[in-house]
Amino acid sequence: MNFLTRFSLKNAVAVFIISFLLILGGLYSFSSLKVDLLPNIEFPQLSIEVVYPGASPEDINEQVTSKLEEKFKSIEGMKKMQSSSYESISIINLEFPFRTDMNDMERQVDTIIKDTKLPDNVQTKINRFSFGTFPIFNISLFAKQGVDLQKVLERDVIPELNKINGINSVSVGGMKEEVVQITVDKQKAAQAGLTLSQIKDQINEKFLSFPAGNVNTDTLQIPVRVQEKLDTVEALENMTLTSPIAQQATSSFQGGAMRSIPPIKLKDVAKIETITDQPEKTRYNLKDSLSMAVTKKQDANTVEVADKVIKVLDAHKDEFNYAIGFDSAEGIKKSVESLVREGLLGALFASIAVLVFLRNVRATIIAIVSIPLSLVVASIFLHRLDISLNVMTLGGMAVAVGRVVDDSIVVIENIFRRVRKSKAGMSDELVQDSTKEILKAITSSTITTVVVFLPLGFVGGITGEFFLPFALTIVFSLFLSLLVAVTIVPILAKFSFKKVPPEEKEGALQRFYGRVIAWALNHKWIVLLSSIVLLVGSLALVPKLGFTFLPNEEQKTLVASIELPSSTSLEKTNEVSLKVEKMFADRAEIKDVTAGVGSRDFRTGLKRSNQANYFIRLKEGVSVAPFIKTLEKNMQAIADEEAPGTKIGVQELSSGGTPSNNDVNIDLYSNDLASLQKAAKDVENYMNKRKDLKYVTNNFADQQKQVIVQIDPAKAADYGVSGFQVLGTIADATRPVQVGTLKLDGVDRTVQLSYDKGIDSVDALKNTLLFTKRGLVPVSAIADVKEVDTYTSIQKLDGKVFARVSAQIVGDNIQKVTQDVIDHVKKDVKLPKDVSFEVGGGSDETVETFQQLGLAMIVAIGLVYITMLITFGKARIPFIILSSLIFVPIGSLLGLYLAHEPMSVSVMIGLLMLIGIVTTNAIVLVDRIGQNREQKGMTVRDALIEAGKTRLRPILMTAFATITALIPLALTKASGTLISKGLAITVIGGLTSSTLLTLVIIPVMYELFFFREVKKERSA
């Protein structure tokens, strides 16, 4: 790379112009980067949702779920299949390895669904997941006086929002809809022989519009359309119904005269009225509102989309007010601001560190010029690869701040030192020679730091995907810092160091270090044994640290829910919810609450009238964990008093970030559902008693009452009744029949039919009348009607029925708590004989990830060895340099212990980084030793002492700059930076201990590896 230095010195103006253009390009790219909280990773998962209206969980499982599961087993590469069969819906989740072609998988799944013989009236939908598909907003809207808010939203706001580039969907809860309710008189309809289904069919027949060929004239071909339409509610009321009984007695002769039966109009058997229906009630701080949820497209810029949404809402501030209950963009902005702040502070600290050592302002400015140049120009590569500005890329920049200055420090220090020693003063040759002298060291040290990130490709799953942008940011920045060090820095040095004071004699620190090296070389075994004792002592701290995937970060937004018994009406749920919301309002810790009653269920996507969900934002300073317990207790007290059997849940909001893996799952298997339910309940009760677990959930639903109508085939045949006829009659009597959306009086209206008298008991169901060839008979005449207990859902994992009891682990020692839970479930919970259990959760994935990262470190060390072998050409030199890595854990583990940070994935990434950073110091020292021996003919010991004294300052400067640059990141308590906090502490501790030990260990190891040469030199 020496030709780059020569070219730069000869073409300084051209290099500055190119640099200026690159900075402009970098600034443009940086400003164009999409801003998000996390890397936009698509999960290799497909969720198949199959809706089968009216089917029980058992029917869904038998006729839908099991059939599809059997077919899905043939999909190659599938990791896991989990299914849930609820009433009317089946949800099947398929999981694949990362980097699977999900488009191909989606096509395969779609083909399988089409080829599977499912019931005729099922509807299927395939969904995919990524970090970018979660809602970015939940906004409550309030109408101003005299404004029809719903009309404004439908006519203006929602269409405007949908025009925003990057918006995926806008849904509004709490909307009212006009319904034309046709309430049929049960008795009159029975007399006319009409059922709700027959009336529905006859209404739909009146909305006929079909092409009927063409009329051909001499010159034209005119299309013909036959249509019949009811276009008003009045026309619907006067619609003539065809009665089966009237058809049978259309004419009869009495005394030679024909008697006609008058036609029946719809209004003769039914009352038609337009009503306002609100299937979902939404509130904000007890005030009625409409609740808007906004999701963005997967690759859209969250902050940009959020700003545009707010701009649209602000444009209508004369018509409505709004309050934001959940805003992911706000959290992103805070995280980005804090990381930018830590990065800038790091750059400032690194600059001060360089100034302290060089004691020359111009030299310091030249050294730190690589920080903005490297990081800004790296943005061009990030932009081209469509990588967003998120906590990982910003974390990479914050971590790289200290490292990108290293190459420039070494170059400028060497030029500065050579100029001060030179009597001829500054010249192109001196700058070129000074840079060339250090070129091999900085090139190999940069390459070794870069290659340590290559093995991240071996780390599978979410960890590898999650940390890839982090690694790429550092790699781009380091390559650019090397380029700056051999081009821009020599030019600036040439113009800045024309007049510098001559070099002073050796400083006190250099003389002291020379004596330390001499003593260490004479007492090698004391040095080595002491280092080993320190290493073993630090390794003893590992069990005290605890293991976790990523440290838990406390969220100030909670999600809560109440689920009343399954048959509860919306009115009752709303009544209970209001009392819960009033309790929320009385709590000083709560900032605001967004409530949705009858809103969409988080797990299934179904709207449930027996459920209410809440977004709860807490005030700053609230201790979340104890407050959640208090809130659960208060909610449970209200629920027990108002609606016994209500299930409640409260936990911190998880908006689709990286999985913490801080959970434990107990999976129970059995074909006996009663035994499975008992076992799941016992395990749930045990886990609830543990103080080191929170958010205990049990996916095995409770039983509920269900009425079974068992048709007797012989009796049904005798009466000429089919099973579908019985189903239709009972369905008509128990729930409204949806006619559809019809245009009446110029407005699209939902039309539904129902009887004036519903079925309110099992006896009433038994006495429901059926039309048969023998006349009207009750259901009990052809069927056995009985009440049974049944399960509200059936859960399966890889085709086997199972129950999962899950909990999140409090604290950071995931593996220890998981093992303790396993031991106590085996010992303390008496499981039925036919129930088996397996354990999973975050512990398994964390251990697997740690193993993969451990393998990545071994591969990284191998790559570093090969790089140095190519650079130095001697097999022994890389071993000497790598010996400095042995003592990295001393400072890292001690730092983590003092900071109370657990072993985590970010810590492991920090250790991986240290492999590259620590070898940099050793390379700078060993390179000088080699130059002393090969070019100056020094003895091994003289070469070691001279190299140590000469390279002491750049080694301490680079280490100190990196350490000080990371201090703000290590000390931060800001939200969203915990991913880098453990990493920063690891690097600071490891670099501190390894730098101090490297300065002593490397000379000792060098003499040991070259002991024959040393022996010859001594005897000579």
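Residues numbered from 1 in each chain as written. Predicted model: local features only at pLDDT ≥ 70, side-chain atom pairs only at ≥ 80, totals over all residues. Heavy atoms only, no water.

*Asks:* What is the right way to look at the overall build of the protein in this model?
*Replies:* The secondary structure content of the protein amounts to 35 helices and 33 strands. Taken along its principal axes, the extent of the C-alpha atoms in the protein is 150 × 80 × 60 Å. Across the 1020 residues that make up the protein, the buried fraction comes to 51%. Sequence separation of at least 24 residues holds for 81% of the intrachain contacts in the protein that already meet a minimum separation of 6. When the 113 positive and 110 negative side-chain charges of the protein are each reduced to one mean point, those points stand 9 Å apart. (Helix = DSSP H or I, 4+ residues; strand = E, 2+ residues; numbered from the N terminus. Buried < 20%, exposed > 50% of the residue type's maximum accessible area, 1.4 Å probe, protein only. Contact = heavy atoms within 4.5 Å. Lys, Arg positive; Asp, Glu negative; His and termini not counted. Charge placed at Lys NZ, Arg CZ, Asp CG, Glu CD.)

*Asks:* Can you walk me through helix α3 (residues 57-72) in this structure?
*Replies:* A turn of α-helix holds 3.6 residues, and therefore any two residues three or four places apart point the same way. The principal kink in α3, of about 35 degrees, is found at Thr-65. Taken residue by residue, α3 has Pro-57, Ile-60, Asn-61, Val-64, Thr-65, Leu-68, Glu-69 and Phe-72 as its buried positions. (Bend = angle between axes of the 7 residues up to and from the residue.)

*Asks:* What am I meant to see in the sheet that holds strand β5 (residues 135-143) here?
*Replies:* If you walk across this open sheet you meet the four strands as β6-β17-β5-β18, and the pairing is antiparallel. In this open sheet, the two edge strands, each paired with only one partner strand, are β6 (167-173) and β18 (320-327). Adjacent strand axes in the sheet meet at a mean angle of 20 degrees, parallel and antiparallel pairs treated alike. Judged from the six bridges that link them, β6 and strand β17 (residues 290-296) form a sheet pairing that is antiparallel. Paired with Ile-167 across the strands is Lys-296, a residue of β17. (Pairing = 2+ DSSP bridges. Axes fitted to C-alpha atoms, helices over the stretch in contact; angles between N-to-C directions.)

*Asks:* Help me understand the pairing of strand β26 (residues 737-744) in this model?
*Replies:* Across a regular strand the side chains alternate sides, sitting on one face of the sheet and then on the other. As paired strands, β26 and strand β27 (residues 747-755) are joined by seven bridges and run antiparallel to one another. Bridging across to β27, Val-737 finds its partner in Leu-753.

*Asks:* Can you help me understand the packing of aromatic side chains in this one?
*Replies:* In this description, an aromatic ring pair is defined by two values, namely the gap between the centres and the angle between the planes. Under the defined criterion, the tally for this structure stands at eight aromatic pairs. Centroid distance Phe-142 to Tyr-284: 6.0 Å. Interplanar angle 65 degrees. Geometry classified as edge-to-face. Taken as a pair, Phe-142 in strand β5 and Tyr-284 in strand β15 (residues 281-284) lie far apart in primary sequence, 142 residues in all. For Phe-142, a relative accessible area of 9% translates into the label buried. Overall, Tyr-284 belongs to the buried group, its relative accessible area being 12%. When the ring of Phe-879 is compared with that of Phe-1009, the centres are 6.5 Å apart and the planes differ by 5 degrees; the resulting orientation is stacked. You can see Phe-879 sitting in helix α30 (residues 876-882) and its partner Phe-1009 sitting in helix α34 (residues 978-1009), a full 130 residues away along the chain. Taken together, Tyr-865, Phe-879 and Phe-1009 form an aromatic cluster joined through their ring pairs. Taking the ring centre of Tyr-669 as reference, the NZ or CZ of Lys-800 above it sits at 4.7 Å. A cation over a ring is seen here: Arg-933 above Phe-1010, with NZ or CZ 5.0 Å from the ring centre. (Phe/Tyr/Trp six-rings, centres within 6.5 Å; stacked < 30°, edge-to-face > 60°. Lys NZ or Arg CZ within 6 Å of the ring centre and 35° of its normal.)

*Asks:* What is the right way to look at the sheet that holds β26 in this model?
*Replies:* Within a beta sheet, neighbouring strands are joined by backbone hydrogen bonds and run either parallel or antiparallel to one another. Across the sheet, four strands lie side by side as β14-β7-β27-β26; this open sheet has mixed pairing. Either end of the sheet is taken by a strand with one partner, and the two such strands are β14 (270-277) and β26. Each strand axis lies, on average, 30 degrees off the axis of its neighbour in the sheet, ignoring direction. Strand contacts of helix α7 (residues 196-205): β7 (177-184), β26 and β27, with the helix running at about 25 degrees to β26, the strand carrying the most contacts.

*Asks:* I would appreciate a short explanation of a nonpolar patch on the surface in the present structure.
*Replies:* A grouping of Val-13, Ile-17, Phe-20, Leu-21, Leu-24 and Leu-27 is seen on the molecular surface, where their side chains present a nonpolar patch of about 610 Å² in accessible area. For Phe-20, the position within the fold is in helix α2 (residues 12-32). (Patch = residues over 30% accessible without salt bridge, like charges linked within 9 Å, V, L, I, M, F, W, Y side chains within 5 Å. Areas by Shrake-Rupley, 256 points an atom, 1.4 Å probe, with all protein chains shown as cover. Salt bridge = Lys/Arg side-chain N within 4 Å of Asp/Glu carboxyl O.)

*Asks:* Quick question: what am I supposed to make of helix α23 (residues 624-642) here?
*Replies:* Here α23 contains 19 residues, and its C-alpha end-to-end distance of 27 Å stays within 8% of the 27 Å for a straight helix at 1.5 Å per residue. Along its buried surface, α23 packs onto β19 (557-563), α22 (570-585), β20 (590-597), β21 (611-618), β22 (647-652) and β24 (693-698). (Expected span 1.5 Å × (residues − 1).)

*Asks:* It is not clear to me how the nonpolar core should be interpreted in this structure. Could you clarify?
*Replies:* Ranked by internal contacts, the top residues of the largest apolar core, which has 151 residues, are Ile-412, Ile-442, Phe-453, Leu-456, Phe-470, Phe-497 and Tyr-1006. Apart from the residues lying within four places of it in its own chain, the contact partners of Ile-412 are Leu-358, Ala-363, Ile-366, Ala-367, Val-489, Ala-493 and Phe-497. (Core = buried A, V, L, I, M, F, W, Y, C linked by side-chain atoms within 4.5 Å.)

*Asks:* Honestly, the packing of helix α32 (residues 905-935) against helix α33 (residues 940-971) in this entry has me stumped. Any pointers?
*Replies:* Between two packed helices, the angle of one axis relative to the other and the distance separating the axes together describe the packing. Two elements in contact, α32 and α33, have axes separated by 8 Å at closest approach and are oriented at 150 degrees. Crossing of α32 over α33 shows right-handed handedness. Between α32 and α33, the residues in contact are Asn-921, Val-924, Leu-925, Arg-928, Ile-929, Gln-931, Asn-932 and Arg-933 and Val-940, Ala-943, Leu-944, Glu-946, Ala-947, Gly-948, Thr-950, Arg-951, Ile-955, Thr-958 and Ala-959, respectively. Broken down by class, the residue content of the contact of α32 with α33 amounts to nine nonpolar, six polar and four charged. (Left-handed = near helix turned anticlockwise from the far one by under 90°. Nonpolar A, V, L, I, M, F, W, Y, C, P; charged D, E, K, R; others polar.)

*Asks:* Explain the pattern of salt bridges here, please?
*Replies:* By the definition in use, this model includes 33 salt bridges. The residue Asp-428 makes a salt bridge to Lys-494 at a minimum N-O spacing of 3.0 Å. Placement of the pair is Asp-428 in helix α16 (residues 428-451) and Lys-494 in helix α18 (residues 488-496), with a sequence separation of 66 residues. On the basis of relative accessibility, which here comes to 18%, the residue Lys-494 falls in the buried class. The salt bridge involving Glu-1007 is made with Arg-941; its shortest N-O contact spans 3.0 Å. Highlighted residues: Glu-1007 in helix α34 and Arg-941 in helix α33, separated in sequence by 66 residues. The class of Glu-1007 is buried, set by a relative accessible area of 2%. One network of salt bridges, with partners in common, ties together Arg-418, Glu-437, Arg-928 and Glu-946.

*Asks:* What exactly am I supposed to notice about the side chain of Gln-795 here?
*Replies:* By secondary structure assignment, the location of Gln-795 is in strand β31 (residues 793-797). The class of Gln-795 is buried, set by a relative accessible area of 4%. For Gln-795, the side chain forms a polar contact with the side chain of Ser-84, separated by 2.5 Å. (Polar contact = N/O pair within 3.5 Å; in protein donor to acceptor, adjacent residues only side chain to side chain.)

*Asks:* Please explain unusual backbone geometry as it appears in this structure.
*Replies:* Residues apart from glycine generally show negative phi values, whereas peptide bonds are mostly found in trans. Not every positive phi belongs to a glycine, and Asn-285 is a case in point at roughly 50 degrees. Positioned with a positive phi, Asp-798 is a non-glycine residue whose angle comes to about 50 degrees. Mapped onto the elements, Asp-798 comes out in the loop between β31 and β32 (800-809). Overall, Asp-798 belongs to the partly exposed group, its relative accessible area being 39%.

*Asks:* Which parts of the structure should I look at to understand the side chain of Gln-611?
*Replies:* Here Gln-611 shows up in strand β21. Polar contacts involving the side chain of Gln-611 include one to the side chain of Asn-613, which spans 3.2 Å.

*Asks:* What's the story with the pairing of β31 in this structure? I'm lost.
*Replies:* Within β31, five of the five residues are buried, leaving the element largely enclosed by the surrounding structure. In the sheet, strand β2 (residues 80-86) pairs with β31 via five bridges, with the strands oriented antiparallel. By the bridge assignment, Gln-82 is partnered in β31 with Leu-797. Across two bridges, the pairing between β31 and β32 is antiparallel.

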